[in-house]
Amino acid sequence: NNLSDSASCVVTLLGYKLAAKPADKDHPFGHERLEYLTSLFVGVCILVLGLETAKESISSILHPSTITFNKISIIVLIFSICIKLWMFSYNTYLSKTYDSSLLNASALDSISDVLGTTGVLLSTILSPVLHFNLDGYMGLVVSCLILFNAYTLLKDTCNTLLGEAPDPDLVKEIVLNINSYPIVLGVHDVMVHMYGPSKVFVSAHVEVDGSQDIFYTHECIDTIEREVKKETHAELVLHMDPIKVHDPETEEYKEAVNQAIQAVSHDYSFHDFRIVSGPTHVNLVFDLVVPFEETKSPKEIENLIQSHLHTKKSTTLVITIDHPFA
């Protein structure tokens, strides 16, 4: 176990070295995701440790041997536990400070070692006193705890590599920053991409008054992108959605659609609403955001909204179904 720890430490150092490499033409967003791959390797090492501990424990239960009480061994085990507890505490502090999955993996590796060594210590002390070999049973309990740590680390790392939902606090901070500018009438389609702990890229759609001068609006959007980057350290790209402001007909249909949607589900929301009026009917065009767990088909949702829609003219719904990215 100690030998494998030495190997994982070397891999951790190498992983940090490679993750710190600057961006290049083949990796324009940098190399920080190598930290996640290294975390995955450390997680596999912890998993192997748990499986090996379980195998040896079962063997010890089936073929018990006499455990000899040795003061030197006790001292070495206690000293080892103290060192590993300090390593766990220090790596946990660093992982939170730098938002590092790799340091979190090292912390879990250290606490797994503490559990394993504590099991050895207890069985060494208690087995001679009880005249019963606890080694295998204690090892089996410890192996379950180690395997749980491995599962937690591997699950978190795989979720990060697959692309998990962003931190809600980060999204809230970004949206509040964008909405603080008077020119912004609404924010939607916020998407966050992580290319490492410090490589955060965000895109969002902002609704603006379509009657404003486009050059003035564009200048304001550029200002928002720069200011939000200063506040959150995230690379922000905004897309302008011009909308009609203070148009009675648009507002009337928008309110009717809102009531119909709320009648179907309070979990739905909509954006990018506009109307296209014709002599016989009105096209109501908008994006509808529904939860990922929604089981109704787009056609069923459209029919439900249409059934609750009450307007003076005949209407046709043109709906684009969205899911909440953040």
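Here's what I pulled together on the structure shown here. (Residues numbered from 1 in each chain as written. Predicted model: local features only at pLDDT ≥ 70, side-chain atom pairs only at ≥ 80, totals over all residues. Heavy atoms only, no water.)

**Structural notes on the overall build of the protein chain**
Heads up, the rule is: Only DSSP runs of H or I covering at least 4 residues are called helices, and only runs of E covering at least 2 are called strands; the numbering of each starts at the N terminus. Just to be clear, the radius of gyration here is over C-alpha atoms, and the globule rule we use is 2.2 Å times residues to the power 0.38. A simple rule labels every residue: compare its accessible area, found with a 1.4 Å probe on the protein chains alone, to the largest value its type can have, and call it buried under 20%, exposed over 50%, or partly exposed in between. Per-residue and other accessible areas follow the Shrake-Rupley method at a 1.4 Å probe size, with only the shown protein chains counted as cover for residues. In this tally Asp and Glu are treated as negative and Lys and Arg as positive; neither His nor the chain ends contributes. Here the site of a charge means NZ on Lys, CZ on Arg, CG on Asp, or CD on Glu.
A tally of helices and strands in the protein chain yields nine helices and six strands. The C-alpha radius of gyration of the protein chain comes to 29 Å, more than 25% above the 20 Å expected for a compact globule of 326 residues. Seen through its principal axes, the protein chain has C-alpha atoms that stretch 95 × 45 × 30 Å. The proportion of buried residues among the 326 residues of the protein chain is 38%. A total of about 19300 Å² of accessible surface is found on the protein chain, and carbon and sulfur atoms cover 62% of it. Here the protein chain contributes 21 positive and 40 negative side-chain charges, whose respective centroids are spaced 4 Å apart.

**Some points on the packing of helix α1 (residues 2-19) against helix α2 (residues 34-62)**
To be explicit about the condition: In this description, a line fitted to the C-alpha atoms serves as the axis of each element, helices being fitted only across the stretch in contact, and the angle between N-to-C directions of two axes falls anywhere from 0 to 180 degrees. Convention used here: angles under 35 degrees read as roughly parallel, angles over 145 as roughly antiparallel, angles from 65 to 115 as roughly perpendicular, and any remaining angle as oblique. Left-handed describes a crossing in which the near helix is turned anticlockwise from the far one by less than a right angle; the clockwise case is right-handed. Any pair of residues with heavy atoms lying within 4.5 Å of one another is described as a contacting pair. Polar here means any residue outside two lists: the nonpolar Ala, Val, Leu, Ile, Met, Phe, Trp, Tyr, Cys and Pro, and the charged Asp, Glu, Lys and Arg; Gly therefore counts as polar.
The interhelical angle for the contact between α1 and α2, taken along N-to-C directions, is 165°, at an axis separation of 8 Å. Here α1 is positioned roughly antiparallel relative to α2, judged by the angle of their axes. The interaxial crossing formed by α1 with α2 has right-handed handedness. The segment α1 lies against α2, with Val11, Thr12, Gly15, Tyr16, Leu18 and Ala19 engaging Leu34, Glu35, Thr38, Phe41 and Val42. For the contact of α1 with α2, the class distribution of residues is seven nonpolar, three polar and one charged.

**Quick word on the sheet that holds strand β2 (residues 200-209)**
Rules: Two strands are said to pair when DSSP picks up at least two bridges between them.
Strand order in the open sheet formed by three strands is β1-β2-β3, with mixed pairing between adjacent strands. In the strand order of this sheet, the two ends are held by β1 (186-194) and β3 (235-243), each with one partner. Each neighbouring strand pair of the sheet contributes to a mean axis angle of 15°, computed without reference to strand direction. Seen against the sheet, helix α6 (residues 168-179) touches β1, β2 and β3 and runs at an angle of roughly 140° to β1. The strands that helix α7 (residues 214-232) touches are β2 and β3; relative to β3, the one it contacts most, it runs at about 150°.

**Points about the pairing of strand β4 (residues 269-277)**
Relative to strand β5 (residues 281-289), β4 is paired through seven bridges, and the arrangement is antiparallel. Across the sheet, Arg274 pairs through a bridge with Val285, a residue of β5. Once β4 ends, the chain turns through three residues before running back antiparallel as β5.

**Quick word on a negative patch on the surface**
In plain terms, the rule: The residues that make up patches have over 30% relative accessible area and no salt bridge, and they are joined within 9 Å when like-charged or within 5 Å when they are Val, Leu, Ile, Met, Phe, Trp or Tyr. One side-chain nitrogen of Lys or Arg within 4 Å of one carboxyl oxygen of Asp or Glu is enough to make a salt bridge.
On the surface, a cluster of negative charge is contributed by Asp99, Asp167, Asp169, Glu173 and Glu231. Its place among the elements puts Glu173 in helix α6. Accessibility expressed as a relative area gives 34% for Glu173, which makes it partly exposed.

**Topic: unusual backbone geometry**
For Asp189, which is not glycine, the phi dihedral falls at a positive 50°. With respect to the secondary-structure elements, Asp189 resides in strand β1. Positive phi is not limited to glycine here, since Asp272 has a value of about 55°. In this structure, Asp272 sits in strand β4. With relative accessibility at 16%, the residue Asp272 sits in the buried group.

**What about a nonpolar patch on the surface?**
On the surface, Leu122, Ile125, Leu126, Val129, Leu130, Phe132 and Tyr137 cluster together into a nonpolar patch covering about 620 Å² of accessible area. When residues in the nonpolar patch are grouped by element, the largest group, five residues, is from helix α4 (residues 101-130). When you line up the elements, Tyr137 lands in helix α5 (residues 135-162). Given the relative accessible area of 40%, Tyr137 is considered partly exposed.

**Notes on the pattern of salt bridges**
Counted according to the given criterion, the structure contains seven salt bridges. Two residues, Asp156 and Lys155, come together in a salt bridge whose shortest N-O distance is 3.6 Å. Classification of Lys155 by relative accessible area gives partly exposed; the value is 35%. A salt bridge links Glu302 to Lys299; the nearest nitrogen and oxygen atoms lie 3.9 Å apart. Here Lys299 and Glu302 lie together in helix α9 (residues 298-307), a separation of three residues that amounts to about one turn.

**Focus on the packing of aromatic side chains**
How we decide: To pair, rings of Phe, Tyr and Trp, with the six-membered ring standing in for Trp, must have centres within 6.5 Å; the planes then decide the type, stacked if under 30 degrees apart, edge-to-face if over 60, and tilted in the middle.
Counting across every chain of the model gives eight aromatic pairs. Both rings, one in Trp86 and one in Tyr90, keep their centres 5.3 Å apart while their planes meet at 5°; by these two values the pair is stacked. A residue pair is termed a helical-turn pair when its members lie 3 or 4 positions apart in one helix, as Trp86 and Tyr90 do in helix α3 (residues 71-98) at four residues. Taking 6.1 Å as the distance between ring centres and 80° as the angle between the ring planes, the aromatic pair formed by Phe270 and Phe273 counts as edge-to-face. One aromatic cluster is present, built from ring pairs that chain together Phe29, Tyr195 and Phe201.

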